[in-house]
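# Chains, contacts and geometry: an overview
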Amino acid sequence: MNRGITRVATVALVLLVALIVGTTYWQVWASSSLAAKQDNAIQRVAQFTVRRGKIEGSAGKTIYATNLRRKVKGQTLYFRKYPNRGMLAQTVGYSTQERSRTGLESSLNDYLTGTNSNLNTVLKTNLDRLQGITVTGNNVFLTPDPRGQRIAQGALGTQCGAVFALEPSTGKVLVAASSPTFDLNLADKPNFLPNVSKIHANCRPASPLVNRGTNALFPPGSSFKVVTAAAALDSGLYTPESSFYDPGYCVEYGKRVRNAGDPESPEQFGTLTFSQALEHSVNSVFCKVGIRLGAKRILDYSKRFGFYSLPPLETPENERIASGLYSKGQLYYPSNNSQVDPGRLAFGQERMIVTPIQMAMVAAGIANRGVVMRPYVVDRIEQPNGSLVTRTTPKMLSRAIKPQTAHELNLMMQSVVTGGTGTAAQIPGVSVAGKTGTAETGNSGINTTWFIAFAPADHPRVAIAVVLQNQTGFGGTTAAPIAKTVMEALLERP
Amino acid sequence: MTLIGVGALTAVGFASVYIARQSVISAASLSYAGVFLGLYLLAHLVARATVPRADPYLLPIAGLLTAVGITEIYRLDPTDAFRQGLWVVIGVALFALTLFFLRGDYRRLENYRYLFGVGALFLLALPALPGIGATINGARLWVKLGPLQFQPGEIAKICLIIFLAGYLRQKREVLAQGRLKDFGPLLVIWGGAMLVLVETKDLGSALLFFGIFLVMLYVATSRLLFVGIGAGLFLAGAVVAYETVSRVRERVTIWLHPWTEQTVYCATNGRMELRQNCASYQLTKSLYSIANGGYTGTGPGKGTFSTTGGDALIPFLNTDFIYSALAQELGLIGVSALVLVFMLFVMRGFRISLLASDGFSKLLAVGLTFGFALQTFIIVGGILRIIPLTGITLPFVSYGGSSVVANFLMLALLMLVSNRANALRGIE
């Protein structure tokens, strides 16, 4: 019998060894793929055993996201709390119990939960775990200026639109306001979506969850003339003094394309320079320039400013969208010049749609002598004890135009504010360069209005793009005053 | 014998560390450790008096496993831990009584083998009787007597092993020659047991009984052919069961495809759901629990088992699924150690069987030990998706009164066999 017993013993041992192998498989091999499963209820709760890192202003005085401690059945859980409610809401994003996350809460989740691959963090997280100390995530510090942000959001009020401001020399995001905004604390409460859809604004649907600064496309109208002018000057085909005759319209494909305003009696400027054409936003001149440059040359210059790529930022990719021509909902680049109407493209029509961050990058690139800096909103990430995990160093994104071209454009844009369509953006004692934009929406009398600007023009510290939806006024009367207010606030910062 | 002391220390140390790790440290929780130590010493003293030459590993291992179980149960639900504690008291009492009454010669049991066989059948059939039977969690394997719930299957398992050991010892020669008529009583009792088990839908126990039966038959006759025939029968039975019993089919489907991309019909609420949210909810959540443990685990008391609202995430966590709770809190290192402890127990059990001098003792020890190993494999293997999941307890660790009592009876029998074997060999 003993031989049989030995064999049975072997079988029994093999069975038990299989258990260790099986456990190893699930705890080591399959562990991360299981953790990522949407229905992983354990992870859904376990995330709250980690004290998520805070999201703060760069000075650490403004707190965008922190935690509420609560005991549930003897287990200490940390729930997210957003003390500043609607401020910077779409950029900060939310993190809910259902593990739906947006904004930086989503893209920086690894840092915020201390699971990023940075060596110091890995050591600390594992030591905490072994010692049974609550794992605490890294704190994230953001670049936006809290005061400027608040003023921008206030200026937008219940108007749908966005204000996006950058520091031209670094690419640092100074303001990222999207309107209407919403209280991030609603995200984890019942009926989140119905509640949010009740938010009132001058557009319908109000879509407060959409980050209009980076993830919404608007027709740029005349603000796009800056890109056309950059192409015209940088290619050497035109100078600011190039002379034009404006009959009030431009002939394209045998048809008249009229200047803005009343179609029955178009504005007529007669003989004028290229600079004056920008100052007064004369469509017929830009139409001619566009025809000569060709659509592809204009688009290629737009690419140098960042069009046709996702605008760089630390937020999730699906919360940013590329600017450019769109056809049937898809980004579209023509294979030859005849596919795109160059005249209309030159003054910002023709299927061209853009994001506010992209237009702010255009303004910042001109302000920074033709060099576009990579936009960033995360200043630094620190461990809970204050030691640095990572700090963003400004990086060049592209050289869009020559310094000389940038200088000429700078002067031309200054004339827009001193004596052209953008006088409402004048700041006493500060030279401001800007460009208005008013895009028709198809509904008569209802426009999308723009103002892009930078200041002080001789040594720019702020570049800004303001867009407003459903306006009856023009860029110079609606968006320019907001740009002025926000720039004033930002210039006051130390 | 020093091992016993070491075992006691380990067990108590384990318990107190665990309990102290709870966020609430109270005199009540520490008194658990005290009571536990007292019980353990009592069991040890009884064993010293009645079976002084028994294998010194068994009792400490059982104590350790019980301690691990009761502390994890305490962590999950202190009220359950109290009840479990009461059952351990009953278990230890029965352990002591068994040792005391059978200290002379446990082989007397062999004389009552048919009684045990019929008894096993009776116990198994009890839950099916109207009035006292109760269906819990889709299986009818409970007996309700007033406030007491009891699962007689666990005791029936031991009765059946005693019957098989006795009968096979007596008939092993003739059986080995394959005389069909000697298989009669065997098939009647065993077949009856299987019928009742399938009828009560207790598939885990059916598999366990079948495995024990085959192994004991093999050890008794040394005929691999019987195992082959048995395995063939089992496969045939499994196919038939798969085709005819919806519960079996469901278990296999859950096992093979716990996650679905598309919604499938959900029998519990009649709607279309993803399978991981319906039929395989328990299995997948348990796997998530295990995966969350990683190498080192979350630490005792730090695992996640309830929603942010405080509701339980995994049903039956402290009975069938206690392994996945332990895996999360102790991690791979912890539960691997736990499985090694099970292995050690199994190895000692087989050693006892090898050293035993007579057929009945050998068969009894093999049956009990292999049953212990197979039961561990069936439940943990089910949780780990090695085999289809069927509800059954993890010996000594799971919450459950009948299980605790049965395990202590098994322990007592193994120690009796071991004591006699060692006494005959003249060693301590």
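These lines cover the structure that appears in this document, whether it is placed above or below. (Residues numbered from 1 in each chain as written. Chains lettered and ligands numbered in written order. Predicted model: local features only at pLDDT ≥ 70, side-chain atom pairs only at ≥ 80, totals over all residues.)

### With respect to the overall build of chain B
The criterion, for reference: By definition, any uninterrupted DSSP run of H or I lasting at least four residues is a helix, any uninterrupted run of E lasting at least two residues is a strand, and each is numbered from the N terminus. Around each residue's C-beta, the other C-beta atoms within 10 Å are counted; 20 or more make the residue buried, 12 or fewer make it exposed, and counts in between make it partly exposed. All C-beta atoms are placed from the backbone. In this description, any two residues whose backbone-derived C-beta atoms lie within 7 Å of each other are considered to be in contact.
Tallying secondary structure elements over chain B gives 14 helices and five strands in all. Taking all 428 residues of chain B together, the buried fraction comes to 52%. Long-range contacts, defined as pairs at least 24 residues apart, comprise 72% of the intrachain contacts of chain B with a sequence gap of at least 6.

### Thoughts on helix α3 (residues 58-76) of chain B
Counted only if it meets this: A helix is expected to reach a length of 1.5 Å times the quantity of its residues less one.
The first and last C-alpha atoms of α3 of chain B sit 27 Å apart over 19 residues, in line with the 27 Å expected at 1.5 Å per residue. Counted residue by residue, α3 of chain B has 19 buried out of 19 residues, so it is predominantly covered.

### As for the sheet that holds strand β18 (residues 433-440) of chain A
Hydrogen bonds between backbone groups are what pair the strands of a sheet, and the pairing can be parallel or antiparallel. All names here are of chain A. The cut-off we apply is this: DSSP bridges decide pairing: two strands pair if at least two such bridges lie between them. For helices, the fitted line uses only the C-alpha atoms of the stretch in contact; every axis is such a line through C-alpha atoms, and the angle between N-to-C directions lies from 0 to 180 degrees.
If you trace the five strands from one edge of the open sheet to the other, you get β6-β5-β20-β19-β18, paired in antiparallel fashion. At either end of the open sheet lies a strand with only one pairing partner, and these are β6 (173-179) and β18. Neighbour-to-neighbour, the strand axes of this sheet turn through a mean angle of 10°, independent of strand direction. Relative to strand β20 (residues 462-471), strand β19 (residues 447-455) runs antiparallel, the two sharing eight bridges. When the sheet's bridge partners are listed, Ile452 is paired in β20 with Ala465.

### Quick notes on the sheet that holds strand β12 (residues 330-331) of chain A
Residues and elements named next belong to chain A. Sheet architecture is open: three strands sit in the order β12-β11-β13, paired in antiparallel fashion. Across the chains shown, the open sheet's two edge strands, defined by having one partner strand only, are β12 and β13 (352-353). Examined bridge by bridge, strand β11 (residues 324-327) and β13 share two bridges and lie antiparallel to one another. Note that in β13 the partner of Leu325 across the bridge is Met352.

### Examining the environment of His280 of chain A
Residues and elements named next belong to chain A. Relative to the helices and strands, His280 is located in the loop between α12 (274-279) and α13 (283-293). Note on His280: 19 C-beta atoms within 10 Å, which makes it partly exposed. Measuring from C-alpha to C-alpha, the distance between His280 and Thr91 comes to 35 Å, with 189 residues separating the pair along the chain. When sequence neighbours within four positions are dropped, the list of residues in contact with His280 reads Phe269, Gly420 and Thr421.

### As for the interface of chain A and chain B
Note the following rule: Just so you know the grouping, Ala, Val, Leu, Ile, Met, Phe, Trp, Tyr, Cys and Pro go in nonpolar, Asp, Glu, Lys and Arg go in charged, and all remaining residues, Gly too, go in polar.
Every contact between the two is made by 40 residues of chain A and, on the other side, 53 residues of chain B. Sorting elements by how many residues they give to the side of chain A that touches chain B places helix α1 (residues 2-29) of chain A first, with 18 residues. Taken together, the residues of the side of chain A that touches chain B break down into 24 nonpolar, 13 polar and three charged.

### Re the packing of α1 of chain A against helix α13 (residues 359-383) of chain B
Operational definition: The scheme is simple: roughly parallel for angles under 35 degrees, roughly antiparallel for over 145, roughly perpendicular for 65 to 115, oblique for anything else. Crossing handedness: left-handed means the near helix sits turned counterclockwise from the far one by under a right angle, and right-handed means the same turn made clockwise.
Where α1 of chain A meets α13 of chain B, the axes come as close as 10 Å, and the angle between the chain directions of the two elements is 20°. As far as their axial angle goes, α13 of chain B and α1 of chain A are roughly parallel. The interaxial crossing formed by α1 of chain A with α13 of chain B has left-handed handedness. Each of Ile5, Val8, Ala12, Leu15, Leu16, Ala18, Leu19 and Gly22 of chain A in α1 of chain A lies in contact with α13 of chain B, whose residues at this interface are Lys362, Val366, Phe370, Ala373, Leu374, Thr376, Phe377, Val380 and Gly381 of chain B.

### What about unusual backbone geometry?
Cis geometry marks the peptide bond from Ser179 of chain A to Pro180 of chain A; its omega dihedral reads 0°. With respect to the helices, strands and loops of the structure, Pro180 of chain A is situated in the loop between β6 and α9 (192-197). The amide bond that connects Ala455 of chain A to the next residue, Pro456 of chain A, takes the cis arrangement and shows omega of -15°. Note on placement: Pro456 of chain A falls in the loop between β19 and β20. Of note in the backbone geometry, Ser222 of chain B takes a positive phi value of approximately 60° without being a glycine. Along the chain, the position of Ser222 of chain B falls in the loop between α8 (203-221) and α9 (224-244). The class for Ser222 of chain B is partly exposed, based on 13 C-beta atoms found within 10 Å.

### Let's talk about the environment of Ser243 of chain A
All names here are of chain A. Mapped onto the fold, Ser243 is located in strand β7 (residues 243-246). For Ser243, a count of 11 C-beta atoms within 10 Å corresponds to the exposed category. Sequence spacing of Ser243 and Ala277 is 34 residues, and the spatial spacing of their C-alpha atoms is 9.5 Å.

### Looking at α9 of chain B
Taking 1.5 Å of rise per residue, 21 residues should cover 30 Å, and α9 of chain B covers 30 Å from first to last C-alpha, within 8% of that figure. Among the 21 residues in α9 of chain B, zero count as buried, and that is only a small part of the element.

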